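Descriptive structure summary
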Amino acid sequence: MTDALPTLLSKQAFGALALVLTFAAFVPYYLTIWRGETRPHVFSWFIWGAGTVIVAFAQLSDGAGIGAWPIGISGLLTFGVAFLALKKSPDLSFVRIDWLFLILALSALPLWFLTNTALSAVIVLTVVDLLGFGPSVRKVIDKPHEENATFFAVAIARNAAVIAALENYSWTTVLFPAAVGMACVLFVAVLLVRRRMLAKLPEPG
């Protein structure tokens, strides 16, 4: 019992850090959308919102405990980004495969029900979440200044804190934050490289 208490306190500390980082990422991002400085790809954010909320429930079912709460709250805030983007200055460009991503995300709950295992849903949602980067990657390659690098950089640290806060480590609890964290690393890299490439182009005229 005495050994478990410091462990629980450290998990709570990492969980609190993950929550702080979640809001530290989302609040400025909301403001940039409100001011029209950022135009998120609405499809990506709806896909990410649906998947993240379902993953949080899957993690809780596998004993993730405190570590699942930042994921759940992040999912709700992610839906908020999509709705705010729709209201202010949405990027509604999409191709047919974007609809496929959304359908796959929504298929995770029936799959979980049919297989009776949360891991199957988490695997599908992790893949869908990563595929959900597709529309946004296409966007930052074309218009890298319409996305916010800081948000995704903070998300990298947030996912690391989430993993540290998990009370049970399994594929069900770890796969999603680990994969999304790595995806954010690559996304930020692509965004910054594209900005640097465009900055080196000669001015028109």
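Residues numbered from 1 in each chain as written. Predicted model: local features only at pLDDT ≥ 70, side-chain atom pairs only at ≥ 80, totals over all residues. Heavy atoms only, no water.

Details of the overall build of the protein chain
- Along the protein chain, the regular secondary structure elements total 9 helices and 0 strands.
- For the protein chain, the succession of helices and strands along the chain, N to C, is α-α-α-α-α-α-α-α-α.
- Since a compact globule built from 205 residues should have a radius of gyration of about 17 Å, the 18 Å found for the protein chain is in line with a globular shape.
- If one aligns the C-alpha atoms of the protein chain with their principal axes, the spans along those axes are about 70 × 40 × 30 Å.
- Looking at the protein chain as a whole, 47% of its 205 residues qualify as buried.
- Taking all contacts inside the protein chain whose residues are at least 6 apart in sequence as the whole, residues at least 24 apart take part in 83%.
- When the accessible surface of the protein chain is split by element, carbon and sulfur atoms take 74% of a total near 10300 Å².
- Across the protein chain, 14 positive and 11 negative side-chain charges occur, with their mean positions spaced 8 Å apart. (Helix = DSSP H or I, 4+ residues; strand = E, 2+ residues; numbered from the N terminus. Rg over C-alpha atoms; globule rule 2.2 N^0.38 Å. Buried < 20%, exposed > 50% of the residue type's maximum accessible area, 1.4 Å probe, protein only. Contact = heavy atoms within 4.5 Å. Areas by Shrake-Rupley, 256 points an atom, 1.4 Å probe, with all protein chains shown as cover. Lys, Arg positive; Asp, Glu negative; His and termini not counted. Charge placed at Lys NZ, Arg CZ, Asp CG, Glu CD.)

Comments concerning the nonpolar core
- By size, the foremost hydrophobic cluster in this structure holds 39 residues, and its most contacted members are Trp45, Phe133, Phe151 and Phe152.
- Secondary-structure elements contributing two or more residues to this core are α1 (4–34), α2 (42–61), α3 (68–87), α5 (108–115), α6 (118–131), α7 (133–142), α8 (149–165) and α9 (171–199).
- When residues no more than four places from it in sequence are discounted, the contact partners of Phe133 are Trp48, Phe152, Ala183, Cys184 and Phe187.
- Core analysis: the next-biggest nonpolar cluster, separate from the first, contains 6 residues, Phe43, Phe101, Leu102 and Val128 among them. (Core = buried A, V, L, I, M, F, W, Y, C linked by side-chain atoms within 4.5 Å.)

Section: the pattern of salt bridges
- A full pass over the atoms with the stated rule returns 1 salt bridge.
- Glu37 is paired through a salt bridge with Arg35; the nearest N and O atoms lie 3.0 Å apart.
- Using a relative accessible area of 44% as the deciding quantity, one classes Glu37 as partly exposed. (Salt bridge = Lys/Arg side-chain N within 4 Å of Asp/Glu carboxyl O.)

A short note on the packing of α7 against α9
- In contact at an axis separation of 9 Å, α7 and α9 are set at 15° when each is read in the N-to-C sense. As summarised for this structure, α7 and α9 are arranged roughly parallel, according to the angle between their axes. For the pair α7 and α9, the sense of crossing is right-handed. Between α7 and α9, the contacting residues are Phe133, Ser136, Val137, Val140 and Ile141 on the first element and Ala183, Cys184, Phe187, Val190, Leu191 and Arg194 on the second.
- Classifying every residue of the contact of α7 with α9 by side-chain character gives 9 nonpolar, 1 polar and 1 charged. (Axes fitted to C-alpha atoms, helices over the stretch in contact; angles between N-to-C directions. Parallel < 35°, antiparallel > 145°, perpendicular 65-115°, else oblique. Left-handed = near helix turned anticlockwise from the far one by under 90°. Nonpolar A, V, L, I, M, F, W, Y, C, P; charged D, E, K, R; others polar.)

Some details on a nonpolar patch on the surface
- A cluster of nonpolar side chains, namely Leu100, Leu104, Ile123, Val127 and Leu131, defines an oily patch on the protein surface of about 370 Å² accessible area.
- Of all the secondary-structure elements, those providing two or more residues to the nonpolar patch are α4 (96–106) and α6.
- Element by element, the count of residues in the nonpolar patch is highest for α6, at 3 residues.
- Here Ile123 shows up in helix α6. (Patch = residues over 30% accessible without salt bridge, like charges linked within 9 Å, V, L, I, M, F, W, Y side chains within 5 Å.)

Here's the deal with the confidence of the model for the protein chain
- Per-residue confidence for the protein chain gives a mean pLDDT of 83, with 90% of residues at or over 70.
- Looking over the protein chain, one finds the lowest element-wise mean pLDDT in α4, namely 72, and the highest in α9, namely 92. (pLDDT = per-residue confidence, 0-100.)

Examining the environment of Thr52
- The topology assignment puts Thr52 in helix α2.
- Residues Thr52 and Phe187, spaced 135 residues apart in sequence, show a C-alpha to C-alpha distance of 18 Å.
- If near-sequence neighbours (up to four positions away) are discounted, Thr52 is found in contact with Ile71, Ser74, Gly75, Asp129 and Phe176.

Here we look at the side chain of Thr173
- Relative to the helices and strands, Thr173 is located in helix α9.
- Residue classification places Thr173 among the buried residues on the basis of a relative accessible area of 0%.
- Among the polar contacts listed, one links the side chain of Thr173 to the backbone oxygen of Asn168, at a separation of 2.8 Å.
- For Thr173, the residues in contact, after removing those within four places along its chain, are Gln59, Asp62, Ala64, Leu166 and Asn168. (Polar contact = N/O pair within 3.5 Å; in protein donor to acceptor, adjacent residues only side chain to side chain.)

Here's the deal with the packing of aromatic side chains
- Applying the stated criterion across every chain, the model contains 16 aromatic pairs.
- Put simply, the rings of Phe26, Tyr29, Tyr30, Trp45, Trp48, Phe133, Phe151, Phe152 and Phe187 touch in pairs and so form one group of aromatic residues. (Phe/Tyr/Trp six-rings, centres within 6.5 Å; stacked < 30°, edge-to-face > 60°.)

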